[in-house]
Amino acid sequence: MKIAVIGGTGLIGSQVVKILNASGHEAVPHSPSTGLDLLSGQGLSEALDGAGVVVNLTNSPTFDDASLEFFQKTMDNLMAAAKAAGVGHAVVLSIVGADQVPDLVYYRAKVLQEDLLKDGPVPYSIVRATQFFEFIDAALSWTADENTVRLPTTRVQPMAAADVAQAVADVAVGAPLLGTHGVAGPEVFALDELGTITLAARGDHRTVITDDSVGMFAAASGDALIAKDDTVIAKTTYRDWLAR
């Protein structure tokens, strides 16, 4: 089966392509570096030519209000092109709890992306994943200085990008779900606790200060970002991933 992987050269996309090709499918990566501009639609019809499945792993370059316009335009272009190309299954990667954090504009933008997929002309599947281990360092940097890292007590359930990629690949080769498949890591942490674990593993002697008013994830309360009962739990733990 030919599968077009939009955003196929990124962190998740490159691994999805590798997994699919190793299992005998023809997964083709597409991104700006291969000549595809999803915002304008340039190169989209060529990317989808002969594809039975399209996997959309593109991400907004910003987390602000511009993310709403990004997902609106890219999904409009993708759905129109996928219908014209006769694609039979469209897959999008989203976020566990995206609809539970309305104060985060980026999460509202991801819900918009999901809704555009659901309302579109192509049978679909949505994979909702928790935050990636690979992004923890970036999250720490948002509210850090040379001596401290300020973090909220927001509860998170992060997972390895490799496990996310496997989940996306598995869904891509199956029948359209016409619904959502959730995946999450095996452990729940408070974000400030996760920061302390990470700094210790890195040999970083900065101090973690708990501050529930700072950072993007401060807007998520309670268990908004935690897996629900029907979520598939990945095996890779954070400490095992850190030790690699």
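Keep in mind it's a predicted model, so treat the numbers as computed, not measured.

Enquirer: If you had to explain the overall build of the protein to someone new, which residues and values would you point to?
Expert: Summing up its helical and strand segments, the protein has eight helices and 11 strands in all. On C-alpha atoms alone, the protein measures out to a radius of gyration of 18 Å, which is about the 18 Å that the 2.2 N^0.38 rule sets for 244 residues. On the principal axes, the C-alpha backbone points of the protein span a range of 55 × 35 × 35 Å. With 244 residues in all, the protein has 50% of them scored as buried. For the protein, the share of sequence-separated contacts (at least 6 apart) that also reach a separation of at least 24 residues comes to 81%. As displayed, the protein has an accessible area near 10,800 Å², and 52% of this comes from carbon and sulfur atoms. A distance of 3 Å separates the average location of the 16 positive side-chain charges in the protein from that of its 29 negative side-chain charges.

Enquirer: Requested: an account of empty space enclosed by the protein, with residues and values cited.
Expert: Within this structure, the stated rule accounts for one cavity of 30 Å³ or more. If you add up the space inside the largest cavity, you get close to 50 Å³. Broken down by class, the residue content of the lining of the largest cavity amounts to eight nonpolar, two polar and one charged.

Enquirer: Give me the lowdown on helix H7 (residues 191-202), citing residues and values where you can.
Expert: End to end, H7 covers 16 Å across 12 residues, agreeing with the expected 16 Å (1.5 Å per residue, within 8%). Along H7, the residues that are buried comprise Leu 191, Asp 192, Leu 194, Gly 195, Ile 197, Thr 198 and Leu 199. Against helix H5 (136-141), strand S6 (148-151), strand S7 (155-156), strand S9 (189-190), strand S10 (207-210) and helix H8 (238-242) lie the buried residues of H7. Immediately beyond the C-terminal end of H7, within one or two residues, lies Gly 203, with a positive phi of roughly 70°.

Enquirer: Give me the packing of helix H1 (residues 11-22) against helix H6 (residues 161-172): which residues, what numbers.
Expert: Between H1 and H6, whose axes approach to 8 Å, the crossing angle comes to 55°. Between H1 and H6, the angle falls in the class oblique. The crossing of H1 and H6 is right-handed. Residues Leu 11, Ile 12, Gln 15, Val 16, Ile 19 and Leu 20 of H1 lie in contact with H6, whose contacting residues are Ala 161, Ala 162, Val 164, Ala 165, Gln 166, Val 168 and Ala 169.

Analysis parameters
- Residues numbered from 1 in each chain as written.
- Predicted model: local features only at pLDDT ≥ 70, side-chain atom pairs only at ≥ 80, totals over all residues.
- Heavy atoms only, no water.
- Helix = DSSP H or I, 4+ residues; strand = E, 2+ residues; numbered from the N terminus.
- Rg over C-alpha atoms; globule rule 2.2 N^0.38 Å.
- Buried < 20%, exposed > 50% of the residue type's maximum accessible area, 1.4 Å probe, protein only.
- Contact = heavy atoms within 4.5 Å.
- Areas by Shrake-Rupley, 256 points an atom, 1.4 Å probe, with all protein chains shown as cover.
- Lys, Arg positive; Asp, Glu negative; His and termini not counted.
- Charge placed at Lys NZ, Arg CZ, Asp CG, Glu CD.
- 1 Å grid on protein atoms, 1.4 Å probe; cavity = no way out; pocket = protein on both sides within 12 Å on 5 of 7 lines; lining within 4 Å.
- Points joined across faces, edges and corners; volume = space filled by probe spheres on them.
- Nonpolar A, V, L, I, M, F, W, Y, C, P; charged D, E, K, R; others polar.
- Expected span 1.5 Å × (residues − 1).
- Axes fitted to C-alpha atoms, helices over the stretch in contact; angles between N-to-C directions.
- Parallel < 35°, antiparallel > 145°, perpendicular 65-115°, else oblique.
- Left-handed = near helix turned anticlockwise from the far one by under 90°.

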